[in-house]
Every structure is written in structure tokens, then in C-alpha cells.
Amino acid sequence: MIAPGFTGSPLDRADHLRHDADALAAAMGDWRAKLLRLDAAFTPDVGDDGTLGWTNLADAPPDTELVFLGLIDGKPHFAAFIDGMHAPPGRPVAMFAMLDRLQSSEAATYAAARSVLDWHSRHRFCANCGNPTAMFRAGWGRLCNHCGAEHFPRTDPVVIMIAEHEGRALVGRGPNWPAGRYSALAGFMEPGESIEEAVAREIFEEAGVRVKNVRYVASQPWPFPSQLMMACVSEAEDDKITIDPKELQDAIWVSRADMKRALAGDPTAPMAAPPRFAIAHTLLTRWVNEEC
């Protein structure tokens, strides 16, 4: 069974080291320790074999704050947070081309690093009192020395789903997507909502389709900036589509046979499939193979 992208990292997050100053110092002093090579926009070096580039901690720029990612084969691995790091707006084409080259387990390690570093770049000040915060807990938190508030990285829950009707799946496309690209519908969960309720609400809001019998399929971390994608399948009561133009440019029903062609990259298919590292690709593949 196909595994979702950004999963399967070999990292042992070794949470106990985050609370032990002496053990963390020893990890930083370990000659085997590795530092992830990233530029100021969180773009990694990727080798021809689809692996991440690492260097020694001695190569960390001055005034670097180190985030302890965890252990790989017993060796400490870190990422550096440098003042001025910031994710570019939108979804740069080069970034997504790079993701397509990364091995799955390497992409999962990168996702963890990118999400926590991006969180630091956006949480320099305390949400409680507005004063500057400082990194603590090996980079997995920020502390306000003014009011004592502790802040920790957050993950936003997102439902991503298809409705099915008489052997067809409902997919849509957003404005400015690559030509012909369609994918599963998706949306953020709202406070006080279950996964099933969010799936039903989002499909109706975006495509005007009422659904029932929602079933969970799989989940995936999505590091742009930090979301948990929860993939589901539901049953549509009918196939009438009424799109919300603020959310979708178009929505269509696609048969299993046509979806299989799209996933195989057939240029004559009625749509272009989402990239392999997106959980929408996993969801549609499992649906085509009747595994969900």
C-alpha cells in the first residue's frame, strides 16, 4: 500500500534530550553531529540520489540558534535558525520540483525541520504580552522572559477528501493551478468540528455536494507551513455540482479508469494528477485500487 509523502523519517526525536541541558550540550559537542544545509528560504541542498545535504556544526554561521531534530543511527542531527530566515510567498516552482526529487524518508526529515524553523520565523514575539521570545527546549519552544509564557510549535488540522458517486470521484482545481491539474478538495477544520463534520461542510461549501458516510483513509504532515492533512472518502447524495468561485475554478467527476490514466501521467486523461508527495495522490491512488 502506498505511503503518504513526508512520512517515514528515520529520525528518533529523542524528546528526553530536549529537557536535559547537559545531554544536549554533549550532543552539540559530538564530532558526528550533523547540520542540515538550508538557505534563508528554507530550501535544502538535494543530492543527485535524492538525499538531503548535511554539514558539520562548525559550519553554522555566527549567532545561529540550533534546533535539535533528533538522532539518526545514534548521531545527533540539527537545523540552524538564523535571523532573517523567511519562507517565500506562494509555492515556488523550484521548491516543488526539488520535493519531487527527494526520497520519501528524506522528505519527511526535511518536513520536520522546515516546519519548526518556519514557526520560529513567525513567532519571535509573545502572543500574550508582545515582548520578544527566546528559543528553549532544544528549539521546540519559545519562552517569553517578560511574562513567562511558553509557546510551542502548532500544527493546523486540514481535511482533504473526495466524494464518490456511482464509481466516480469528485475533484476540483483552484485558480492559478498548473494547466489541467485537479486534486481532492481540502479545507481547514474549524473549532468545535469533528473530522467527519469538516469533510461534509467543506465539500458542500466548495462544490455544493451533500455527502454522508465519511471514512478516514490516511494522514500526512504538510510543511507549508505546518499542517496535518487528514484524507477521507465520503458518499455523495447526488452528482450535481455548484462551485463556489472564491474557492474553486472548476470541479468534475472522474471515473476510476480515467483517474488511473491521470495517475500514470497519461496526457490524454481528463486531468493532470497531483504530485506524488501530496497526500491527494495517495488518496486517489488508494481509491483507484479500491483500498479505501
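Look up: the structure comes first, before these words.
A brief report on the enclosed structure follows. Predicted, not measured: the structure shown is a model, and the values here were computed from it.

Examining the overall build of the protein chain
Stage number 1. Looking only at helices and strands, the protein chain features seven helices and 13 strands.
Stage number 2. The C-alpha radius of gyration computed for the protein chain amounts to 21 Å, which stays within 12% of the reference 19 Å derived for 292 residues, consistent with globular compactness.
Stage number 3. Judged by the C-alpha coordinates and their principal axes, the protein chain covers about 60 × 45 × 30 Å.
Stage number 4. For the protein chain, the proportion of its 292 residues judged to be buried stands at 47%.
Stage number 5. Partitioning the intrachain contacts of the protein chain with sequence separation of at least 6 by distance along the chain shows that 63% fall at a separation of at least 24.
Stage number 6. Working note: accessible area of the protein chain is about 14100 Å², and carbon and sulfur atoms make up 51% of it.
Stage number 7. Looking at charge distribution, the protein chain has the averaged site of its 28 positive side-chain charges lying 2 Å from that of its 39 negative ones.

Quick notes on the pairing of strand S12 (residues 227-236)
Stage number 1. Of all 10 residues in S12, eight are buried, a share of seventy percent or more.
Stage number 2. Here strand S11 (residues 211-222) pairs with S12 via nine bridges, running antiparallel. If you follow Arg215 over to S12, its bridge partner there is Val233.
Stage number 3. Adjacent in sequence and paired antiparallel, S11 and S12 are bridged by four residues.

What to know about the sheet that holds strand S5 (residues 133-136)
Stage number 1. Taking strand neighbours across the sheet as the criterion, the three strands line up as S5-S6-S7 in an open arrangement whose pairing is antiparallel. Looking at which strands have only one partner, the edges of the open sheet turn out to be S5 and strand S7 (150-151).
Stage number 2. Each of S5, strand S6 (141-144) and S7 touches helix H4 (residues 104-122); the most contacted strand, S6, lies at about 20° to it.

Description of the state of the cysteines
Stage number 1. Using the criterion set out here, one finds zero disulfides in the structure.
Stage number 2. Cysteine Cys232 remains unbridged, with the sulfur of Cys292 as its closest cysteine sulfur at 10 Å.
Stage number 3. Among the residues examined, Cys232 registers a relative accessible area of 1% and is labelled buried.
Stage number 4. The class for Cys292 is partly exposed, based on a relative accessible area of 21%.

Considerations on the pairing of strand S3 (residues 65-72)
Stage number 1. Burial analysis of S3 places seven of its eight residues in the buried class, which makes it a mostly covered element.
Stage number 2. Direction of pairing for S3 relative to strand S4 (residues 75-81): antiparallel, over a ladder of seven bridges. Its bridge partner lying in S4, Gly70 is registered against His77.

What about the pattern of salt bridges?
Stage number 1. According to the stated counting rule, one finds 17 salt bridges in the structure shown.
Stage number 2. Ionic pairing is found between Asp30 and Arg32, a salt bridge with its closest N-O pair at 3.0 Å.
Stage number 3. What makes Arg32 partly exposed here is its relative accessible area of 28%.
Stage number 4. In this structure, the salt-bridge partner of Arg256 is Glu164, at a minimum N-O distance of 3.9 Å. Here the residue Arg256 occupies a position in helix H6 (residues 256-263), and Glu164 occupies one in strand S8 (residues 156-165), the gap between them amounting to 92 residues.
Stage number 5. One network of salt bridges, in which partners are shared, links Glu190, Glu193, Arg201, Glu202 and Glu205.

Overview of the sheet that holds S4
For sheets, the rule is that strands pair by backbone hydrogen bonds, running either parallel or antiparallel.
Stage number 1. Taken in spatial order, the four strands of this open sheet run S2-S1-S4-S3, and their pairing is mixed. The sheet is open, and its two edges are formed by strand S2 (54-56) and S3, each paired on a single side. Taking each pair of neighbouring strands and ignoring which way they run, the sheet shows an average axis angle of 40°.
Stage number 2. Of the pairings in the sheet, the one linking strand S1 (residues 34-36) to S2 comprises three bridges and is antiparallel in character. When the bridges of S2 are listed, Leu35 appears paired with Thr55.
Stage number 3. The strands that helix H2 (residues 21-29) touches are S3 and S4; relative to S4, the one it contacts most, it runs at about 90°.
Stage number 4. Helix-sheet contacts for H4 involve S1, S2, S3 and S4, and the interaxial angle to S4 is about 35°.

Scoring rules and cut-offs
- Residues numbered from 1 in each chain as written.
- Predicted model: local features only at pLDDT ≥ 70, side-chain atom pairs only at ≥ 80, totals over all residues.
- Heavy atoms only, no water.
- Helix = DSSP H or I, 4+ residues; strand = E, 2+ residues; numbered from the N terminus.
- Rg over C-alpha atoms; globule rule 2.2 N^0.38 Å.
- Buried < 20%, exposed > 50% of the residue type's maximum accessible area, 1.4 Å probe, protein only.
- Contact = heavy atoms within 4.5 Å.
- Areas by Shrake-Rupley, 256 points an atom, 1.4 Å probe, with all protein chains shown as cover.
- Lys, Arg positive; Asp, Glu negative; His and termini not counted.
- Charge placed at Lys NZ, Arg CZ, Asp CG, Glu CD.
- Pairing = 2+ DSSP bridges.
- Axes fitted to C-alpha atoms, helices over the stretch in contact; angles between N-to-C directions.
- Disulfide = S-S within 2.5 Å.
- Salt bridge = Lys/Arg side-chain N within 4 Å of Asp/Glu carboxyl O.

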